[in-house]
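Remarks on the overall topology
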Amino acid sequence: MKHFKLRKILICAVSAAVVTSACVSLGACNIETAHPEAEITYEFNGETYAVKYTLYRDLRPHTVRHFIELANEGFYDGTIVHDFDSSDWFTGGYSYDSEDYTAKKDNAGQMAEYFEAHAKEDAYVKLYADGKLSKTVFKESAYNDVTEKIENANEYVPALMGEFYNNIHQEFDNDPLNAEIGCLKTYYYDKTTTNKVFVTPTSDQTIRADYSNNCTTSLFAVQTSSSSSYSRSDYCVFARLSSTDAFYDLTDAVNDYITNEHGGTRSNFYNETTVHVDNNDNYSDKAEADKGKEVKFKAPKTPIIIKTVKITKY
């Protein structure tokens, strides 16, 4: 079996041609440019904001492909910002039901019921089962140490490999993808598992890695401040704003609403509730701690809705 030091693997320097080859071999996706473009249409308080992003396939190939595949399936359409942090909005895991949300938004216990009823975890796992999402994370039983390749693609884990520096990336000069205001980052919940998986950074590489660093699902964060504790060291930054106007219009609208409707007190804008997450995680060896773990959501009382996520340039 080949052994690699994970931090010595410099995926970020992969050329567009190599990325194309890797994506074709690992799953179907449209490969045309190093920098695809996306438009996320947000809705808040009756107004819509079409925010445009540049995706960095040349630097984060697997993450961008994953995002594009989910967007093409309409997975993100009609979801909500479920957790309103001071520096990041977390989204991508829960659908919006206007009537149900309105009825439950002021009660923490009822909001927990809302998130349980409208979680998209099952839908996400089904996309893998239906062959709609490319596989990059595999169980140890999928690996053949004679051929040094993944031999059983059915022995996968429904998760995305983590393209961030404390996992399989190495710091290098002139990386434009910092955790900056407006950027998009993948998000995952911390795990206590000691399980290992195999990941496939390129078509000819198979690497043994920690599952805890390769357990991203559909969740992503929208950074709303100049700094964040969710840095590129531990979370994959894969997109930047193409233009800032619509994004600042959106964040200004939310801040103005908090000022005008809640006296500037951010905590009055959301309802903190306890939610069980990662309910479908069947690979962790710490089932009690990792599967269905309890986390706190700061759920906005006035919803921030992801109306659509469209890929406008492939």
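What this report covers is the structure whose coordinates are included nearby. All of these numbers come straight from a predicted model, not from anything done at the bench. (Residues numbered from 1 in each chain as written. Predicted model: local features only at pLDDT ≥ 70, side-chain atom pairs only at ≥ 80, totals over all residues. Heavy atoms only, no water.)

**Description of the nonpolar core**
Worth spelling out the cut-off: Within this scheme, the nonpolar core is defined by two criteria: the residues are buried Ala, Val, Leu, Ile, Met, Phe, Trp, Tyr or Cys, and they are joined through side-chain atoms within 4.5 Å. Each residue gets one of three labels from its accessible area relative to the maximum for its type: buried under 20%, exposed over 50%, partly exposed in between, using a 1.4 Å probe on protein chains only. The way it works is that DSSP assigns letters per residue, a run of H or I at least four long becomes a helix, a run of E at least two long becomes a strand, and they are numbered from the N terminus. Should any heavy atoms of two residues lie within 4.5 Å, those residues are considered in contact.
Ile40, Phe44, Tyr53, Leu55, Phe67, Leu184 and Val254 are the most contacted members of the largest nonpolar core, which totals 45 residues. Taken together, the elements giving at least two residues each to this core come down to β1 (37-44), β2 (47-55), α2 (61-72), α5 (121-129), β12 (220-223), β13 (237-241), α6 (245-262) and β16 (304-313). For this core, the element with the highest residue contribution is α6, accounting for 7 residues. For Phe44, the contacting residues outside a window of four places in its chain are Tyr49, Leu250, Ala253, Val254, Tyr257, Phe269, Thr302, Pro303 and Ile304. In this structure, Ile80, Phe115, Val157 and Cys215 belong to the second largest nonpolar core, which totals 34 residues.

**Things to note about the pattern of salt bridges**
Note the threshold: In the sections that follow, a salt bridge refers to a side-chain nitrogen of Lys or Arg positioned within 4 Å of a carboxyl oxygen of Asp or Glu.
Using the criterion set out here, one finds 13 salt bridges in the structure. Close ionic contact of Glu43 with Lys307 constitutes a salt bridge, the shortest N to O distance being 3.3 Å. Placement of the pair is Glu43 in strand β1 and Lys307 in strand β16, with a sequence separation of 264 residues. One salt bridge connects Arg240 with Glu180, and the closest N-O pair in it is separated by 2.9 Å. Of this pair, Arg240 sits in strand β13 while Glu180 is found in the loop between β8 (149-150) and β9 (184-186), placing the two residues 60 residues apart along the sequence. Accessibility expressed as a relative area gives 24% for Glu180, which makes it partly exposed. One salt-bridge network, held together by shared partners, links Arg60, Asp175 and Arg232.

**Points about the sheet that holds β12**
As a reminder, the rule being used: We treat two strands as partners when DSSP finds at least two bridges between them.
Read across the open sheet, the 9 strands follow the order β3-β16-β1-β2-β13-β9-β12-β5-β4; overall the sheet is antiparallel. Single-partner strands in this sheet number two, and they are β3 (79-80) and β4 (83-84). Sheet topology note: the strand β5 (residues 88-91)/β12 ladder contains 4 bridges and is antiparallel. Counterpart to Asp88 in the pairing with β12 is Gln223.

**Focus: empty space enclosed by the protein**
Put simply, the rule reads: For cavity detection a 1 Å grid was placed over the protein atoms alone, and a set of points counts as a cavity when a 1.4 Å probe fits there but cannot get out; an open set counts as a pocket when protein lies on both sides within 12 Å along at least five of seven lines, with lining residues being those that have an atom within 4 Å of a point. Grid points are joined across faces, edges and corners, and a volume is the space filled by probe spheres set on the points. Each residue receives one of three labels: charged for Asp, Glu, Lys and Arg, nonpolar for Ala, Val, Leu, Ile, Met, Phe, Trp, Tyr, Cys and Pro, and polar for the others, Gly being one of them.
By the definition in use, this model includes 1 cavity of 30 Å³ or more. Together, Thr63, His66, Phe67, Tyr76, Leu160, Thr186, Thr216, Thr217, Ser218, Leu219, Phe220 and Phe238 line the largest cavity. Top contributing element to the lining of the largest cavity by residue count: α2, with 3 residues. Of the residues that constitute the lining of the largest cavity, the class distribution is 6 nonpolar, 6 polar and no charged.

The analysis is restricted to geometry; functional conclusions fall outside its scope.
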